[in-house]
Amino acid sequence: FDIPVYTDVPDFYKKLPVQVHAIKNDWYGKINYHFRLKQAVVYENSFKYEKTIWIDTDTFFKKSPKLLFDKITEKNQLCNSKHYSTLKELDLRVKKALIQEDLLKDNFVYLNSGVIGISHESVGILKKSIEIIDKLHPKLSFYYTLEELALALAVSLDDVESIDCVEVIHHYWSRKAIFRTKAE
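Predicted, not measured: the structure shown is a model, and the values here were computed from it.

A. Structural context of the pattern of salt bridges. Across all of its chains, the model carries 11 salt bridges by this definition. Residues Arg-36 and Asp-134 are paired through a salt bridge, measuring 2.8 Å at the closest nitrogen-oxygen approach. Within this pair, whereas Arg-36 is found in helix α1 (residues 36-45), its partner Asp-134 is found in helix α5 (residues 124-140), the two being separated by 98 residues in sequence. Glu-147 is paired through a salt bridge with Lys-38; the nearest N and O atoms lie 3.2 Å apart. Remark: Lys-38 occurs in helix α1 and Glu-147 occurs in helix α6 (residues 146-157); sequence separation between them is 109 residues. A cluster of three or more residues bridged by salt bridges with shared partners is formed by Lys-38, Asp-56 and Glu-147.

Next comes the structure, spelled out in structure tokens:
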């Protein structure tokens with residue numbers, strides 16, 4: 001497998017054994033939403049590879065990355081983790097917008113997108129998720145993890161199985177300061 005790195009600072013990765021790519025401005029969309037680029041990168045790469053996985057930089061592997069690729073089929077979508085109770089905890093403004101747009105279904109499960117993995121057969125999920133981001137951002141620009149919400153909605157609307165990978169990846173997004181301090 002290849003390890004492409006997408007960054008706004010390509011020189012930082014020059015000496016590593018990875019393929020470095022500069023971030024394209026159009027991945028942010030007309031709405032200029034920085035987390036939109038995660039799904040845009042995976043979407044674009046899904047046409048180059050049989051299976052594509054995005055892994056946030058605030059993660060570390062507990063097991064071989066090969067296990068992530070083994071989990072992906074043409075009928076599922078890989079995420080970092082699933083959160084079943086989050087629907088009840090959603091901001092009322094968010095719920096209202098989702099109901100107005102008829103996006104909230106009974107099978108909704110909130111997904112953490114620290115890891116996003118798909119096969120090239122299931123690329124439609126990301127296209128739909130990006131469309132949802134573009135549609136909801138004007139109403140929900142305050143919602144920090146809109147890209148996670150949009151991905152969960154796309155998975156729910158298409159009734160696609162979502163597989164988590166918490167046994168392979170540790171995503172420490174909520175404890176970045178602690179991990180960075182320990183690393184120094």
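B. The arrangement of the packing of aromatic side chains in detail. This model, assessed by the stated rule, comprises eight aromatic pairs. Judged by centre distance (5.0 Å) and plane angle (80°), the rings of Phe-12 and Tyr-13 are edge-to-face. On the numbers, 6.3 Å between centres and 75° between planes, the contact of Phe-108 with Tyr-110 is edge-to-face. When its relative accessible area of 6% is taken as the criterion, Phe-108 is described as buried.

C. The environment of Asp-8, seen in detail. The topology assignment puts Asp-8 in the loop between β1 (4-7) and β2 (19-22). A C-alpha to C-alpha distance of 29 Å links Asp-8 and Lys-82, two positions 74 residues apart in sequence.

D. Structural context of helix α4 (residues 92-100). Within α4, burial applies to Val-94, Ala-97 and Leu-98. Down the axis, α4 shows its buried residues gathered within 100° of arc, on one side only. Facing away from the buried side of α4 by over 90 degrees, the exposed positions are Leu-92, Lys-96, Ile-99 and Gln-100. Those residues of α4 that are buried are in contact with α5 and α6. Its side-chain oxygen 2.7 Å from the backbone nitrogen of Arg-93, Asp-91 forms the N-cap of α4.

E. Main features of the confidence of the model for the protein chain. Mean pLDDT over the protein chain stands at 90; residues scoring 70 or higher make up 92%. At the low end of the mean pLDDT range in the protein chain sits helix α7 (residues 176-183), at 52; at the high end sits α5, at 97.

Conventions and cut-offs
Residues numbered from 1 in each chain as written. Predicted model: local features only at pLDDT ≥ 70, side-chain atom pairs only at ≥ 80, totals over all residues. Heavy atoms only, no water. Salt bridge = Lys/Arg side-chain N within 4 Å of Asp/Glu carboxyl O. Helix = DSSP H or I, 4+ residues; strand = E, 2+ residues; numbered from the N terminus. Phe/Tyr/Trp six-rings, centres within 6.5 Å; stacked < 30°, edge-to-face > 60°. Buried < 20%, exposed > 50% of the residue type's maximum accessible area, 1.4 Å probe, protein only. Arc of directions from axis to C-beta. Contact = heavy atoms within 4.5 Å. Polar contact = N/O pair within 3.5 Å; in protein donor to acceptor, adjacent residues only side chain to side chain. pLDDT = per-residue confidence, 0-100.

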